[in-house]
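# Overview (structure and organization)
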Amino acid sequence: MPEKRMLVVEADLVKKIDENRGDLSRSEFIDLLIEGQLDEKDDAAGVKGHLLDDDAVTRDEFLQFQEGAKELLRSFLDFFINYGLELGKGPRDEEFEQLSRKLRTLSRNHQD
């Protein structure tokens, strides 16, 4: 059995503990709070949770990825339009207009 000590605290603090501890004993509740506080300090100091930081994406990285994806899509559409024209199979007017609109939209978004 662990050694026990007495802690003298103000009555208001005991009341606050009792209101919030649920099924835990006072000792368990205080231990839980202290451990949680120590874990937060360790996380802030980078002792724990450093693996999560590696998985984070910065805004700049995301925007760079987004621009790369748009450029890839532009190249993809351009390739297929040119490929179809070189084979002698001209695109139907509707299809050509749709692809042209998409390319213009992407081009405008890229310039923004």
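Predicted model, so just to flag it, every value in this text is computed and none were measured.

Moving on: the overall build of the protein chain. The helix and strand tally for the protein chain stands at five helices and zero strands. The contacts of the protein chain with a sequence gap of at least 6 include a subset with a gap of at least 24, amounting to 40%. With an accessible surface of roughly 10,300 Å², the protein chain has 55% of that area assigned to carbon and sulfur atoms.

Attention now moves to a nonpolar patch on the surface. Residues L73, F76, F79, F80 and Y83 make up a contiguous nonpolar surface patch of about 520 Å² in total accessible area. Considering the arrangement of structural elements, one finds L73 in helix α4 (residues 59-86).

We now examine the pattern of salt bridges. Taken as a whole and assessed by the stated rule, the structure comprises five salt bridges. Taking the shortest distance from any N to any O, the salt bridge between R21 and D18 comes out at 2.9 Å. Relative accessible area serves as the criterion here: at 24%, R21 is assigned to the partly exposed category. Across the salt bridge formed by E71 and R74, the nearest N and O atoms sit 2.7 Å from each other. Of this pair, E71 and R74 both sit in helix α4, three residues apart, roughly one helical turn.

The buried count for helix α1 (residues 11-20) comes to one of ten residues, which makes it a mostly uncovered element. Two residues or fewer after α1 comes G22, characterised by a positive phi angle close to 60 degrees.

Turning to the confidence of the model for the protein chain, a few remarks are in order. Residues at a pLDDT of 70 or more form 73% of the protein chain, whose mean pLDDT is 77. Model confidence for the protein chain, summarised as mean pLDDT per element, is weakest for helix α3 (residues 50-55) at 54 and strongest for α1 at 91. Predicted confidence is poor over residues 48-52, with pLDDT under 50, and the contacts of this stretch with residues over four places away or in other chains come to four contacts.

Definitions and limits used
Residues numbered from 1 in each chain as written. Predicted model: local features only at pLDDT ≥ 70, side-chain atom pairs only at ≥ 80, totals over all residues. Heavy atoms only, no water. Helix = DSSP H or I, 4+ residues; strand = E, 2+ residues; numbered from the N terminus. Contact = heavy atoms within 4.5 Å. Areas by Shrake-Rupley, 256 points an atom, 1.4 Å probe, with all protein chains shown as cover. Patch = residues over 30% accessible without salt bridge, like charges linked within 9 Å, V, L, I, M, F, W, Y side chains within 5 Å. Salt bridge = Lys/Arg side-chain N within 4 Å of Asp/Glu carboxyl O. Buried < 20%, exposed > 50% of the residue type's maximum accessible area, 1.4 Å probe, protein only. pLDDT = per-residue confidence, 0-100.

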